[in-house]
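Architecture and fold: a report
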Amino acid sequence: SAGTAAAAARPAPAPAAPVMLNFNECPLGPSPAAQEAVRAILPSSGRYQFGLRGELAAEFAAQNALPVDHVAVHAGSSDPLDRAALAFTSPRRAVVVPDPTFDAVADTAAAHGAPVHRIPLRADGSHDVRAMAAADPQAGLLYVCNPNNPTGSVTAHGDIAWLLANKPAGSVLLVDEAYIHYADAPSMLDQVRAGGELVVLRTFSKLYGMAGLRLGLALGRPDLLARLAAFGSNPLPVTALAAGLASLREPALVPARKRENAAVRDETIAWLAARGYPCLPSQANCFMVDVRGDGAAFARALAAEGVVVGRSWPVWPQRVRVTVGTREEMARFRDAFAQVAAAGAT
Ligand code: PLP
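Residues numbered from 1 in each chain as written. Predicted model: local features only at pLDDT ≥ 70, side-chain atom pairs only at ≥ 80, totals over all residues. Heavy atoms only, no water.

Position of Pro 186 relative to the elements: it lies in the loop between strand E6 (172–176) and helix H8 (189–193). In this structure the C-alpha to C-alpha distance between Pro 186 and Gly 113, which are 73 residues apart in sequence, comes to 34 Å. (Helix = DSSP H or I, 4+ residues; strand = E, 2+ residues; numbered from the N terminus.)

Okay, here's the thing in structure tokens:
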């Protein structure tokens, strides 16, 4: 009939784009000033512009009361994480990590034959620093992630300082602060200033919204940074450096994004708790929710509803990591979660 033909001629309604809550990215992307800086530098990006790297290091150093030779600039923090695994572990020098955590250091160390000791988080989500210190007298590297991915849980400054003071002789402490901008937890940069045997990592991939632009920092004594630099030096994208500089020079950016993320996160966690789905306390832009059933199946069911969340970790098969999106995205998350829970998908 004519009606059917007319219906067939109409394109099917476009399905709404899925909500991506799976990689702990910032849903806002680079700040407007950072995006403008990228546009402004693009015509001259045919040049290496080696000086920009030093300019970014000097800006961060000045803002954080660090000597500039304590700042190394990388294309994200995955790169220095891998370098640390290569520099400080070996088949005879283990890596000690919390469990669950961001897997990069353990994966790279294991791929090169290093033993990996996984130390369960404590019930409150903090690192068990005493068990980490005692895990292996031959450890070469101890990894602390604060706030931790995937939980968003924090470990007290005093506990991390205790680990630094009590780690095995000859080992290095690596403190990954990818999510520190979202948290009220203090940074370990004070211990870097004090000359400690640690490297602190920062990234522009999270709060600064630059995951696809690639910029990160390794902060530590020059002798420790030299161990990372020994694996080679790669010139950095000038777009990332320009966006990073613009972001650092925008003092309102961190508090504004931190406040908004915390409000949306805490509202979502409270909504889940009221329905009987508990989360560990989070100070990051992600949280782990106990779905009271198979986490992987629950995540697949959410994806079928157009909401893509993170994964489960082997230690906690009933918990799923969720990234905090915008208010609108989290409203869609709640709708999808309610649907899946009501359908008894697990
Ligand atoms: N460290 C932690 C704890 C992370 O969660 C991530 C990414 O998810 C990274 C490091 C690596 O991020 P990037 O290489 O984009 O800085």
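This next bit is on the site of the ligand. Taken together, 15 residues lie near the ligand, and Ser 78, Asp 176, Tyr 179, Thr 203 and Ser 205 sit nearest. Notes on the ligand: free accessible area 390 Å², of which the protein chains cover 92%. Comparing atom positions with the cavity grids shows the ligand to sit within the largest pocket. Among the residues forming the shell around the ligand, the class breakdown is six nonpolar, six polar and three charged. (Near = heavy atom within 4 Å. Areas by Shrake-Rupley, 256 points an atom, 1.4 Å probe, with all protein chains shown as cover. 1 Å grid on protein atoms, 1.4 Å probe; cavity = no way out; pocket = protein on both sides within 12 Å on 5 of 7 lines; lining within 4 Å. Sits in = over half its atoms within 2 Å of the grid points. Nonpolar A, V, L, I, M, F, W, Y, C, P; charged D, E, K, R; others polar.)

A few words now on the layout of surface pockets. Volume-wise, the largest pocket comes out at about 420 Å³. What lines the largest pocket is a set of 24 residues, among which Phe 23, Phe 102, Asn 149, Tyr 179 and Lys 206 lie closest to the centre. By residue class, the composition of the lining of the largest pocket is eight nonpolar, nine polar and seven charged. Each of domain 1 (11–28 + 253–343) and domain 2 (32–248) gives at least three residues to the lining of the largest pocket. Computed from the structure, the second largest pocket encloses a volume of approximately 210 Å³. Listing elements by their share of the lining of the second largest pocket, those giving two or more residues are helix H3 (51–63), strand E2 (71–74) and helix H9 (222–229). Among the elements that make up the lining of the second largest pocket, the one with the highest residue count is H9 (five residues). For the lining of the second largest pocket, the per-class residue count stands at nine nonpolar, five polar and two charged. (Points joined across faces, edges and corners; volume = space filled by probe spheres on them. Domains from an automatic or database assignment.)

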